[in-house]
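Spelled out, the chains give:
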Amino acid sequence: MKKFLILLLLFVFGLLVPFGCTVNNPDSANTGSNGNGGTENVLNIYNWSTYIDEETIPEFEKKFNVKVQYDTFESNEALLAKIQPGNPGYDIIVPTGDFVENMIAQGLLEKLNHDNIPNLKHLDEAFVDPPFDPGNQYSIPYQWGTMGIGYNIEAVGEEITSWKEIFDAKYKGKVALIEDSRAMLGVILMYLGYDPNTINEGEIADATEFIIQHKDAIATFAPDTGQDLLDQGEVDIAVEWSGDIFQIMEENEDIRYVIPKEGTIIWTDNLTIPKDAPHQELAEKFINFVLEPEVSARISNYVKFGSPNKTAREQKLIAQEDLENTSIYPSAEIFKRLKYADDLGKDTALYDQAWTEIKVAVGG
C-alpha cells in the first residue's frame, strides 16, 4: 500500500512540475519582443556622469511603469571600450558626434524608428541632419555646447578673448588644458587659421609646436575636471566644456566663460541605441520622452548645457538667464565660428601621435 501511494504521489508530482515552472518564472511574462530574454520593464541607460536632473528618471519610470538601470561613464573612449566587444545589455548610450560617426561605421548602433519618436518635431533645424549622422538615422541630439575658456576674473585681472592669451607668460603654471587631443589641438589649429579637422601633417605639427613652446603656462592636463581645479583655486584658467564651467559659476561669482574670438569646437551628445539592445521600443519611448519640451528644458536648466529643443526655447521653458547667455546660446555670428570635430578614422592617429609628443615635452 505504501509503495502504491509513493508511486501515485510521484505520478501526480510529475504532472504538476511543468505548470509550476511556468508560474514561478517571474521573467517569462516580460520577455522582450526581440527574443533575447530581456525584461520589458527595465531600461538600461549608459550616460555621462552628472548629466541629468533628479526628476526625469523617476517621472519616466512612473509614466511607463518601468525601472531604469542607470550607469555612467567619463569619456567617449570608455563608452566605446564597453560597447565594442559586444553590447553588455544597454538600451540607451550617449556618444558625442564624432563617436556616433565612428560607431555607425563599425555597425555598433541600431537604426531608429522615427515613427516611435514623434517629438522629433521639437528639434531645432540646426541639429537636424548633422554631418556625423545624415538624417538622424542613428542618433538624436541630447545636449550641446562648446569648448571654451573658463577663468577666474579676480586672479587674472582682465577679460580673456583669445586662445593665445591663455599662454601668456604671466599665467605660468596656472592653466589646465583638457585631456582631449582632438578638441585641444583642434582649437589651436583654429587659432592658427587652420581647419580643426585637418589631416595635413605640417599644420598639425604647427599646432603641436605652439603648445610645446608655451608649455610653461600648463599646470596640468585635466580629464574633464578642469572646472573643479578652477573652482578650488588650483588653476586660474581652464580649457573646458561650457556646461561644466557654468555649473561652478552658479556658486562662484568670480568665474567667467568665453568662446574665443577665433572660434571653437561645438559638440552634441546624442541619444542612441546600441546594437542588440534588449528593449529598442522602450528606448525609443525614452528618447521621445526626453524630447518633450518640458523635460528637455528641465534637463538643460540643470546641467547648464544648450538644449537642441526649439520648442522649449520658444516657449521660454529654459531659464531666462541661460537663454540670454551668448556663451550657452551663441548669436548667429558666433555660431558661424563653431566647428564640429569629425571622426577622422585612421587619421586620428596623427592627433594621438602629436598629443603624445606634447605630453612628453610638457611632462604631463
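Report on the accompanying structure. (Residues numbered from 1 in each chain as written. Predicted model: local features only at pLDDT ≥ 70, side-chain atom pairs only at ≥ 80, totals over all residues. Heavy atoms only, no water.)

## Topic: helix α15 (residues 348-362)
The condition is simple: Under the scheme used here, helices are H or I runs from DSSP no shorter than 4 residues and strands are E runs no shorter than 2 residues, and both carry numbers assigned from the N terminus. The span one expects for a helix is its residue count, reduced by one, times 1.5 Å. Working definition: with a 1.4 Å probe on protein chains only, accessible area under 20% of the residue-type maximum means buried, over 50% means exposed, and in between means partly exposed. To be clear, the arc concerns the directions from the helix axis to the C-beta atoms. Contact definition: two residues touch when any of their heavy atoms are within 4.5 Å.
Taking 1.5 Å of rise per residue, 15 residues should cover 21 Å, and α15 covers 21 Å from first to last C-alpha, within 8% of that figure. All of the buried residues in α15 are L350, Y351, A354, W355, I358 and K359. For α15, the angular spread of buried residues about the axis comes to 165°, placing them on one side. In α15, those exposed residues whose orientation departs by more than 90 degrees from the buried face are Q353 and V360. Those residues of α15 hidden inside the fold are in contact with β5 (175-178), α6 (181-191), α7 (201-213) and β6 (218-222).

## Some details on the packing of aromatic side chains
Cut-off, in case you're wondering: Stacked, tilted and edge-to-face are the three classes assigned to paired rings of Phe, Tyr and Trp, where Trp is represented by its six-membered ring and a pair needs centres within 6.5 Å; plane angles under 30 degrees give stacked, over 60 edge-to-face, the rest tilted. Any Lys NZ or Arg CZ that is within 6 Å of a ring centre and within 35 degrees of that ring's normal is treated as a charge sitting over the ring.
Taken as a whole and assessed by the stated rule, the structure comprises 19 aromatic pairs. Taken together, a centroid distance of 5.9 Å and an interplanar angle of 70° make the contact between F132 and Y340 edge-to-face. One end of the pair, F132, is in the loop between α4 (97-105) and β4 (139-152); the other, Y340, is in strand β10 (residues 338-340), and 208 residues separate them in sequence. With a relative accessible area of 6%, F132 lands in the buried category. With a centroid separation of 5.9 Å and 70° between ring planes, the pair formed by W144 and F335 is classed as edge-to-face. With W144 in strand β4 and F335 in helix α14 (residues 332-335), the pair connects residues that are 191 residues apart, well separated along the chain. Here a set of aromatic residues connected by ring pairs shows up, and it is made of Y51, Y142, W241, W267 and F305. Cation over ring: R182 sits above Y351, and NZ or CZ is 4.6 Å from the ring centre. Above the ring of F221, the side-chain terminus of K359 is found at 5.2 Å from the ring centroid.

## Quick look at the pairing of strand β1 (residues 42-48)
Applicable threshold: Pairing between strands is defined by DSSP: at least two bridges between them are needed. Call a crossover right-handed when, viewed with both strands pointing away from you, the route from the first strand across the helix to the second goes clockwise.
Within β1, six of the seven residues are buried, which leaves the element mostly enclosed by the surrounding structure. In this sheet, strand β2 (residues 67-73) lies alongside β1 in parallel orientation, the contact comprising seven bridges. Counted as the bridge partner of Y46 is D71 from β2. The handedness of the β1 to β2 crossover, carried by helix α2 (residues 56-64), is right-handed.

## Thoughts on empty space enclosed by the protein
Spelled out, the test is: Definitions used for this entry: grid spacing 1 Å over protein atoms alone; cavity, a set of points where a 1.4 Å probe fits but cannot get out; pocket, an open set with protein on both sides within 12 Å along at least 5 of 7 lines; lining residue, one with an atom within 4 Å of a point. Grid points are joined across faces, edges and corners, and a volume is the space filled by probe spheres set on the points.
Enumeration over the complete set of coordinates arrives at one cavity of 30 Å³ or more. In this model, the largest cavity occupies a volume close to 40 Å³. Around the largest cavity, the lining residues are P141, Y142, Q143, V290, L291, S296, I299, P308 and N309. Counting residues per element, the ones that place at least two in the lining of the largest cavity are β4 and α11 (293-303). A per-element tally of the lining of the largest cavity places β4 first, with three residues.

## Some words on α4
Buried within α4 we find G97, D98, F99, V100, N102 and M103. In the core, the buried residues of α4 are packed alongside α3 (76-83), β3 (92-93), β4 and β9 (264-272).

## What about the pattern of salt bridges?
So the rule is basically this: Each salt bridge in this description consists of a side-chain nitrogen of Lys or Arg and a carboxyl oxygen of Asp or Glu lying within 4 Å of one another.
Applying the stated criterion to the full structure yields 13 salt bridges. Between K275 and E110 there is a salt bridge whose closest N-O contact spans 3.9 Å. Here K275, found in the loop between β9 and α10 (280-290), pairs with E110, found in the loop between α4 and β4; they are 165 residues apart in sequence, far enough to count as distant. Here E110 falls in the buried class, since its relative accessible area comes to 17%. Salt-bridge contacts for E250 lead to K304; the nearest nitrogen and oxygen are separated by 3.2 Å. With E250 in the loop between α9 (242-249) and β8 (255-258) and K304 in the loop between α11 and α12 (310-314), the pair connects residues that are 54 residues apart, well separated along the chain. On the accessibility criterion, K304 (5% relative accessible area) is buried. Through salt bridges that share partners, D53, E55, E59 and R298 make up one connected network.

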